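Here's the letter readout for the chains.
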2 protein chains.
Amino acid sequence: MATNVQILLASRPTGWVEESNFSIVERPIPEPGPGELLVRNHWLSLDPYMRGRMNEGKSYAAPVEIGQVMVGGAVGEVVESANPRFKQGEFVVGPLGWQLYSLSTGDGLMKVDSKLIPLSCYLGVAGMPGATAWVGLLEHCQPKAGETVVVSAASGAVGSVVGQLAKLQGCRAVGIAGGSAKCDFVVKQLGFDAAVDYKTGDLNENLRAATPEGIDCYFENVGGEVLDAVLRRLNPFSRIALCGLIAEYNLPEPLGAKMIRSLLVNRAKLQGFIVSDRQDLYMRAVTQLARWVAQGKIKYHETVAEGLRSAPAAFIGMLKGKNLGKQLVKLV
Amino acid sequence: MATNVQILLASRPTGWVEESNFSIVERPIPEPGPGELLVRNHWLSLDPYMRGRMNEGKSYAAPVEIGQVMVGGAVGEVVESANPRFKQGEFVVGPLGWQLYSLSTGDGLMKVDSKLIPLSCYLGVAGMPGATAWVGLLEHCQPKAGETVVVSAASGAVGSVVGQLAKLQGCRAVGIAGGSAKCDFVVKQLGFDAAVDYKTGDLNENLRAATPEGIDCYFENVGGEVLDAVLRRLNPFSRIALCGLIAEYNLPEPLGAKMIRSLLVNRAKLQGFIVSDRQDLYMRAVTQLARWVAQGKIKYHETVAEGLRSAPAAFIGMLKGKNLGKQLVKLV
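Procedures and definitions
- Just so you know, the residues in each chain are numbered from 1, in the order the chain's sequence is written.
- Note on labels: chains are lettered from A, ligands numbered from 1, in written order.
- Confidence filtering applies because this is a predicted model: local features only for residues at pLDDT of at least 70, side-chain atom pairs given and counted only at 80 or more, and all residues used for totals across whole chains, interfaces and linings.
- Where each domain starts and ends comes from a domain assignment, either automatic or drawn from a database.
- Any residue pair is listed as a contact if its two C-beta atoms, each placed from the backbone, are within 7 Å.
- Here a strand is any run of E in DSSP of at least two residues, a helix any run of H or I of at least four, and the numbering for each starts at the N terminus.
- Between the buried cut of 20 or more and the exposed cut of 12 or fewer other C-beta atoms within 10 Å of a residue's own C-beta lies the partly exposed class, and all C-beta atoms are placed from the backbone.
- Three classes are used, and their members are as follows: Ala, Val, Leu, Ile, Met, Phe, Trp, Tyr, Cys and Pro are nonpolar, Asp, Glu, Lys and Arg are charged, and the others, Gly among them, are polar.
- Two strands make a pair as long as DSSP finds a minimum of two bridges between them.
- Fitted lines through C-alpha atoms serve as axes, helices being fitted only where they are in contact, and the angles separating the N-to-C directions of these axes extend from 0 to 180 degrees.
- Scored from 0 to 100, pLDDT records how confident the predictor is in each individual residue.

Draft legend 1. How the structure looks around the domain arrangement of chain A. Residues and elements named next belong to chain A. Considered domain by domain, chain A is made up of domain 1 (4–124 + 300–330) and domain 2 (128–276). Domain 1 and domain 2 are separated by 28 Å when their C-alpha centres are compared. Taken together, the 16 residues of domain 1 in the interface contact 17 residues of domain 2.

Next up, the structure:
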């Protein structure tokens, strides 16, 4: 008989995550109690925010405890249900964790249409990362046609949607990414106007060349020198959505930013945000994104690791920028 | 016959301003042409923003050119007028510069009531600094009763109003200032709930003790380590009005901030602003402040230098934090 496989947090990383921070266990598949349902997960999402949950320190969400199943979004099929809201055979997405089978009360689960777009899209372009792009850019930056929008980690699950949404708004979309493959991808495959490879040449020079009219909106996923380079190019009344700081998640000391003064001189707004605070916008965002994906107006790319046991290595690779587009683990 | 005395920008400072960066000249008092008026200035305002105007670099306003009269707000009496909007004997406030007599087209001049409150107040508590406090705190931070509001440079012209406005909103008001005299002043004279002396002891420890429930709103005038100390104490959904960064105005390299991550984790907003962008709020702010001053609801303190020729030394002293409350130069 099949067993459940789970990946637990075994120890807290100091600096870079290592595979030894995780442990893999096999357990019996649980039985749904009253009001519960059992989901067989098809795809597991790997996202940068998970790095924060591995820490003990204060963050916007409680940390994962040692010995607990790692938190994570997954999409899967309801295989048993004692919850009247969900029927066997339906597909759901939600916080199902790093495991093959998940027991759920239904809280935080959303039903998805497996015929409109591929199931895996509900973890990426039409899921939490896509909604993050939507809320950060459209709600917090409010780009106007003709403005220049810059996004860092541009080829990632969030960044790739940010740039395409900027194009749909009539903006100039400029991506910052590491390496020519990622830069080519966002320009040639996703339709960004330009891309800057932060690993090659002078970042300030290259960003200046890519943003001849300055920067009006910035969607920040990275931090460090990338943030400072953008701050130097801000236009008056520019808006920054602060979504992530992956450059410093694995460092013992924060990098911070030197060019705070540019925020003052340019009367800029910087807004830290987390998509889960905006349940008021979430459904509208993913519904719109799913439709645009189905219509071909928004494209996506996935990097797929095979099998749950590959999740730790794939997660570490993603933190080091080895993925292109959405990093997934295929479970079925 | 009387002559006009003017203070010109003689050279651009590198690092700290020196008196040699200014030159003092005597010139004939000008005659108003058609549509112009002549103002005899009674009080000159000295403000931190003037340091920025001495630089060549990009800022929110054009720099003062070498050989030009230093920019600055002043309040004075109309002594001759060929402008139908202004009559001899009226008092006006506006960008009249570092000089005894100013020719004006009337642009940017506002008439003031010399009977409601002392004339000098229109340069401080009921002038640009007061309006800056009002816009930054009430518009950009929107403090709610019971929240904790922190302001740096708390005993200055802007900071002293910020804390009193916070009290009027029902907030806990905490000032950060340098030295026990300034800290005593904001607590005992202005009614702040607490003050932290950034020059004594451990800033992080002392700020923690003064903000037991964290920080919801921060009005930033200083930057550097003060900013980082506040960022460490932010509450979720906190708001920062970025008004000034006086700690780095005289440094060749910016200080920046280390704790950008706190803005992300706490979904904080940081808004750079300049009061002159908000003409829509300016009149409402100064009218309300003048009334509160007349009613005794808002208190103020002035540091007065005697005579225009004392302006350079007084300005340098203000940049080094030697003033308490509003720094003025008495001209008449």
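Draft legend 2. Molecular detail of unusual backbone geometry. Despite not being glycine, Gln142 of chain A has its phi angle at roughly 45°, a positive value. Here Gln142 of chain A is to be found in the loop between helix H2 (128–141) and strand S8 (148–152). With 14 C-beta atoms counted inside 10 Å, the residue Gln142 of chain A sits in the partly exposed group. Of note, the phi angle at Arg267 of chain B is positive, near 50°, even though the residue is not glycine. Looking at where Arg267 of chain B falls in the secondary structure, it is placed in the loop between helix H7 (260–265) and strand S13 (269–272). Residue Arg267 of chain B is classed as partly exposed on the basis of its 18 C-beta neighbours within 10 Å.

Draft legend 3. Inspection of the interface of chain B and chain A at higher detail. At the interface, 26 residues of chain B touch 26 residues of chain A. Those elements giving two or more residues to the side of chain B that touches chain A turn out to be H7 and S13 of chain B. The greatest single-element share of the side of chain B that touches chain A, amounting to 5 residues, is contributed by H7 of chain B. Among the residues forming the side of chain B that touches chain A, the class breakdown is 14 nonpolar, 6 polar and 6 charged.

Draft legend 4. Structural detail: the sheet that holds strand S9 (residues 172–177) of chain B. Taken in spatial order, the 12 strands line up as S10(A)-S9(A)-S8(A)-S11(A)-S12(A)-S13(A)-S13(B)-S12(B)-S11(B)-S8(B)-S9(B)-S10(B) in an open sheet, and their pairing is mixed. Two strands close off the open sheet at either side, each with one partner strand: strand S10 (194–197) of chain A together with strand S10 (194–197) of chain B. Each strand axis lies, on average, 15° off the axis of its neighbour in the sheet, ignoring direction. Two elements, strand S8 (residues 148–152) of chain B and S9 of chain B, share 5 bridges in a ladder whose sense is parallel.

Draft legend 5. Inspection of the confidence of the model for chain A at higher detail. The predicted model of chain A averages 95 in pLDDT, with 99% of residues at 70 or higher. Under the prediction, the complex receives an ipTM of 0.90, its pTM being 0.91.

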